Amino acid sequence: MRRSLVLLSAGLTVLSTGLASAQNNTPRNLILFIPDGLRALKVTPETAPAMAEVRDKGVNFKNPHSLFPTFTMANGSAMSTGHYLGDTGVFSNTIWTNYTSVPAGDTVVPFIENDAVLGDIDEHFKGNYLNEETILKMARDKGFSTAALGKHGPTYQFDHTDKPEKAGLHSIVFDDATGGKIGVALSDEVKDALTKAGLPTATPPRGDNSKAGDAKTPGTTVANVAQQAYFADVATKVVLPMFKARNKPFVLVFWSRDPDGSQHNTGDSLNQIKPGINGPTSMAGIKNADTNLAQLRKALDELGLAASTNIIVSADHGFSTISKESKTSPSAKISYDDTPKDFLPMGFLALDLAKALDLPLFDPNDKNAKIEGNKHPKAGNGVLGKDPTKPDLVVATNGGSDLIYLPSKDKKLAAKTIKALLEQDYVSGLFVEDALGRFPGTLPLSSINLRGKSATPTPSIVVNFRSYASDCGEAPTNCSVQVADTVLRQGQGMHGSFSRGDTMNFMAAIGPDFKAGYVDEIPVSNADVGMTAARLMDLRGARNGDLVGRVMSEAMPNGTVPKAYAGTLKSKPAEGGLMTVLNFQRVGTQRYFDAAGFPGRTLGLEDEGGKQKTAGEKTPAAASS
């Protein structure tokens, strides 16, 4: 690959906001607002006026990037630390930990969007499974006021190593578990403030918004209004007034479950691709998140904090409509009680690999019960091998991509597994652990920053699933469809793939340390969000890994605007001609991953001569290979 003539360090030198704050005698504050699963091009003054105003009056990050695999906890780890997933070890929402997690249900493949599970994993991995410090911890250590409110899992991840029972400063944490047995304890100060504000000390449930339906019953038709209104009320009536009274800089994270939750569970499109995640329920979810942001901004104005508060809005990932279709999958030809005829069942990857490799399949979410006949794993995960306690292969099911672990690092088994995967029409791109060697048709994990200093086990193979754009009448990224390994149904929503529909998240910023009315054409990512947040607050912590984002200096007054380049990385073709191709952009040494997979099977990565273009790519281009 041709190297850029312009080499920029990961932490680009910019005007120190710490110095600027000192000169103005005004402490800078930061609000990081995450509208989970918000697609960049769905934001208009009509659909989301508050977010559109931040984008149009502040900084419009027009070329945004979620990190692959495009999942919540993975990208939350990047925003909270500034590191890529190879360092944080949060490779997806479900990972293999190589030990049995009791809070996760006695399984070796825990779903980690859970406070108790995160605490358990922390304990196993020497007190910090991320292996990097978070911006909330760094801010708390510096004496700032800190808080995180919103969705269970990623909210707590922002300061998961805090110990509320010990003396000293603590972050205020509100999520789905607040008020329950596994929730982070609230201080007496916060409880008193809640009482004075007329708010309960326990988070209300999601209600009908949590209803996903099944193969015969549509899911939800309402947004997550009541629960998020509670979080917004806590933020504006309790937390922000408390922070103002303390008269210290603060960092507040607000993780809005919507539109993600409403898009996942949408009941508008049962077993049908259209309208998919473009129906009224998904749009209500977008409006709900926007209402929360508007309430936060109004409170800042009323409290006199707007002029000293920077706001970064960054979705963790984009979104796609689910497809359950495959012509090659053996599992799709079997009849299941809960799966429509000829559709892929939950756990299809584990089922198909067990058949191809002739290995027994066991369910790690059902006391390692053997999977036979017309059964499928309860949560999609699978352990393969004669002894489920010492598996040859583990599948961690996630959605638009899955993780495969080979505990024995068996290169022959890796080759057989890759051969089997290449035969399936739902696969579009394979990434393999560097230590296993190079395999035709695949690219190494290091090429997408999935190999670093992680504490948790590194996957052996990351499998990206097929994606395409439906004829929904909007931009291709708004019409993204993907095969997904999930309990959710065709027509509902998912993410996780290397589609540009999933990597193109919404990003914008506004505040005293950002330019006004600025359109940023060069690529930015969620790892950059973490690094920029740290720079804005002048936070510095210990660093274990080197896979870090850059400070988005071009968005700041007097900041330098670096050059960007476009590039492509191609694997050697496998037998049959399939190649994993990676389209990326580059700023200095930083790579930004647009889309990857087999050309023609990934949205944004079309066959030669294809008419469809990737949305959002308008940077200066100098092809590299």
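This one's a predicted model, so the numbers in the text were calculated from it and none came from an experiment. (Residues numbered from 1 in each chain as written. Predicted model: local features only at pLDDT ≥ 70, side-chain atom pairs only at ≥ 80, totals over all residues. Heavy atoms only, no water.)

Novice: Sorry if this is basic, but what is going on with the overall build of the protein here?
Specialist: A tally of regular secondary structure across the protein gives 15 helices and 25 strands. What you see for the protein is a C-alpha radius of gyration of 23 Å, in line with the 25 Å of a compact globule of 625 residues. Its C-alpha atoms give the protein principal-axis dimensions of about 65 × 55 × 45 Å. Counting only residues that meet the buried cut, the protein has 62% of its 625 residues in that class. Summarising the internal contacts of the protein: among those between residues at least 6 apart in sequence, 72% fall at separations of at least 24. Summed over its atoms, the accessible surface of the protein is roughly 22600 Å², and 52% of this surface lies on carbon and sulfur atoms. (Helix = DSSP H or I, 4+ residues; strand = E, 2+ residues; numbered from the N terminus. Rg over C-alpha atoms; globule rule 2.2 N^0.38 Å. Buried < 20%, exposed > 50% of the residue type's maximum accessible area, 1.4 Å probe, protein only. Contact = heavy atoms within 4.5 Å. Areas by Shrake-Rupley, 256 points an atom, 1.4 Å probe, with all protein chains shown as cover.)

Novice: What is the right way to read the packing of helix 2 (residues 49-57) against helix 11 (residues 280-302) from this model?
Specialist: When two helices pack together, their arrangement is given by the angle between their axes and by how far apart the axes lie. Running from N to C, helix 2 and helix 11 cross one another at 60 degrees; their axes reach a closest spacing of 7 Å. Facing helix 2, whose interface residues are Pro49, Ala50, Met51, Glu53 and Val54, helix 11 presents Ile286, Lys287, Ala289, Asp290, Leu293, Ala294 and Arg297. Of the residues belonging to the contact of helix 2 with helix 11, the class tally is eight nonpolar, no polar and four charged. (Axes fitted to C-alpha atoms, helices over the stretch in contact; angles between N-to-C directions. Nonpolar A, V, L, I, M, F, W, Y, C, P; charged D, E, K, R; others polar.)

Novice: Quick question: what am I supposed to make of helix 8 (residues 188-196) here?
Specialist: Every α-helix carries 3.6 residues per turn, so stepping three or four residues along brings you back to the same face. Those residues of helix 8 that fall on the buried side of the exposure criterion are Val190, Ala193 and Leu194. Burial along helix 8 is one-sided: seen end-on, the buried residues are contained in an arc of 105 degrees. The exposed residues of helix 8 that point more than 90 degrees off its buried face are Asp188, Thr195 and Lys196. Looking at the buried residues of helix 8, the elements they touch are strand 5 (172-174) and helix 9 (225-246). (Arc of directions from axis to C-beta.)

Novice: Explanation requested: the packing of aromatic side chains in the structure shown.
Specialist: Geometry of an aromatic ring pair is reported as the spacing of the ring centres plus the angle between the planes. Tallied over the full model, the rule gives 13 aromatic pairs. For the pair phenylalanine 68 and phenylalanine 431, a centre-to-centre distance of 5.9 Å together with 50 degrees between the ring planes defines the contact as tilted. Placement of the pair is phenylalanine 68 in the loop between strand 3 (64-65) and helix 3 (72-81) and phenylalanine 431 in strand 14 (residues 427-432), with a sequence separation of 363 residues. Comparing phenylalanine 68 with phenylalanine 431, the two get one shared label, buried. Geometry around phenylalanine 584 places arginine 591 over its ring, the cationic atom sitting 4.4 Å from the centre. (Phe/Tyr/Trp six-rings, centres within 6.5 Å; stacked < 30°, edge-to-face > 60°. Lys NZ or Arg CZ within 6 Å of the ring centre and 35° of its normal.)

Novice: Explain the sheet that holds strand 25 (residues 590-597) to me, please; I cannot follow it from the model alone.
Specialist: Picture the strands of a sheet paired through backbone hydrogen bonds; they go either parallel or antiparallel. The antiparallel open sheet is built from three strands, whose spatial order is 23-24-25. The sheet is open, and its two edges are formed by strand 23 (565-570) and strand 25, each paired on a single side. Sheet twist, expressed as the average angle between the axes of neighbouring strands with direction ignored, equals 25 degrees. (Pairing = 2+ DSSP bridges.)

Novice: I keep staring at the packing of helix 9 against helix 11 and nothing clicks. Help me out?
Specialist: Closest axis-to-axis distance for the helix 9/helix 11 pair is 10 Å, and the angle between their directions is 10 degrees. Relative to helix 11, helix 9 is oriented roughly parallel. In contact with Val225, Gln228, Ala229, Ala232, Asp233, Ala235, Thr236 and Leu240 of helix 9, helix 11 contributes Asn288, Ala289, Asn292, Gln295, Leu296, Ala299 and Leu300. Within the contact of helix 9 with helix 11, the residues separate by chemical class into nine nonpolar, five polar and one charged. (Parallel < 35°, antiparallel > 145°, perpendicular 65-115°, else oblique.)

Novice: Sorry, what's going on with the pattern of salt bridges here?
Specialist: If the charged atoms of two oppositely charged side chains come close together, the side chains can form a pair. Tallied over the full model, the rule gives 26 salt bridges. The partner of arginine 55 in a salt bridge is aspartate 56, and the shortest N-O contact between them spans 2.8 Å. The salt bridge partner of arginine 451 is glutamate 433, with a shortest N-O separation of 3.1 Å. Of this pair, arginine 451 sits in the loop between strand 15 (442-444) and strand 16 (461-465) while glutamate 433 sits in the loop between strand 14 and strand 15, and the two are 18 residues apart along the sequence. (Salt bridge = Lys/Arg side-chain N within 4 Å of Asp/Glu carboxyl O.)

Novice: Explain the nonpolar core here, please?
Specialist: Soluble, globular proteins show a tendency: their nonpolar side chains are buried together. Counting residues in each nonpolar core, the largest one holds 45 residues, and the members touching the most others are Met51, Leu149, Phe174, Leu194, Val234, Leu252 and Phe254. Ranked by the residues each element gives to this core, the list is headed by helix 9, at 10 residues. Every residue in contact with leucine 194, bar those within four places of it in the chain, is listed here: Phe174, Leu186, Leu199, Pro200, Thr201, Tyr230, Val234 and Val238. Counting residues in each nonpolar core, the second largest holds 44 residues, with Leu85, Phe125, Leu450 and Phe584 among its members. (Core = buried A, V, L, I, M, F, W, Y, C linked by side-chain atoms within 4.5 Å.)

Novice: Just to check I follow, could you spell out the environment of threonine 477 for this structure?
Specialist: By the element assignment, threonine 477 lies in the loop between strand 17 (467-469) and strand 18 (480-483). Along the chain, threonine 477 and glycine 604 lie 127 residues apart, while their C-alpha atoms are 8.4 Å from each other.

Novice: Please clarify how the confidence of the model for the protein should be interpreted in this entry.
Specialist: The predicted coordinates should not be examined in detail at positions where pLDDT is low. Residues at a pLDDT of 70 or more form 93% of the protein, whose mean pLDDT is 93. No element of the protein has a lower mean pLDDT than helix 1 (residues 17-24), at 38, and none a higher one than strand 16, at 99. Ignoring residues within four places in sequence, the model shows residues 1-25, a span with pLDDT below 50, making 47 contacts including any to other chains. For residues 609-625, every residue scores under 50 in pLDDT, and the model assigns this stretch 42 contacts once sequence neighbours within four places are set aside. (pLDDT = per-residue confidence, 0-100.)

Novice: Looking at this structure, how should I read the side chain of threonine 88?
Specialist: Within the secondary structure layout, threonine 88 lies in helix 4 (residues 85-88). If near-sequence neighbours (up to four positions away) are discounted, threonine 88 is found in contact with Ser77, Thr81, His83, Tyr129, Leu130 and Ser454.

Novice: Even after reading the chapter, I still don't get the domain arrangement of the protein, so can you show me in this structure?
Specialist: Reports often express the size of an interface as the amount of accessible area lost when the parts come together. As far as domains go, the protein holds domain 1 (29-320 + 501-555) and domain 2 (322-494). One C-alpha centre belongs to domain 1, the other to domain 2; they are set 27 Å apart. Together domain 1 and domain 2 conceal approximately 4200 Å² of surface at their shared face, both sides included; 59% is due to carbon and sulfur atoms. Joining domain 1 to domain 2, the criterion identifies two salt bridges. Between domain 1 and domain 2 we count 26 residue pairs in polar contact (both at pLDDT 80 or more) in total. Secondary-structure elements contributing two or more residues to the side of domain 1 that touches domain 2 are helix 4, helix 10 (260-264) and helix 14 (500-503). If one sorts the elements of the side of domain 1 that touches domain 2 by residue count, helix 4 sits on top with four residues. In the side of domain 1 that touches domain 2, the residues fall into 21 nonpolar, 24 polar and seven charged. (Domains from an automatic or database assignment. Buried area = accessible area lost by both parts, 1.4 Å probe. Polar contact = N/O pair within 3.5 Å; in protein donor to acceptor, adjacent residues only side chain to side chain.)

Novice: Whenever I open this one, the pairing of strand 12 (residues 393-396) confuses me. Can you help?
Specialist: Looking along a regular strand, one sees side chains alternate from face to face of the sheet. What you see with strand 12 is no split at all: Leu393 and Val395 on one side and Val394 and Ala396 on the other are buried throughout. Where strand 11 (residues 382-384) and strand 12 come together, three bridges link them in antiparallel fashion. Within strand 12, the position partnered with valine 383 by the bridge is valine 394. Following strand 12, the chain reverses through four residues before pairing antiparallel with strand 13 (residues 401-405); glycine 399 in that reversal takes a positive phi of roughly 145 degrees.

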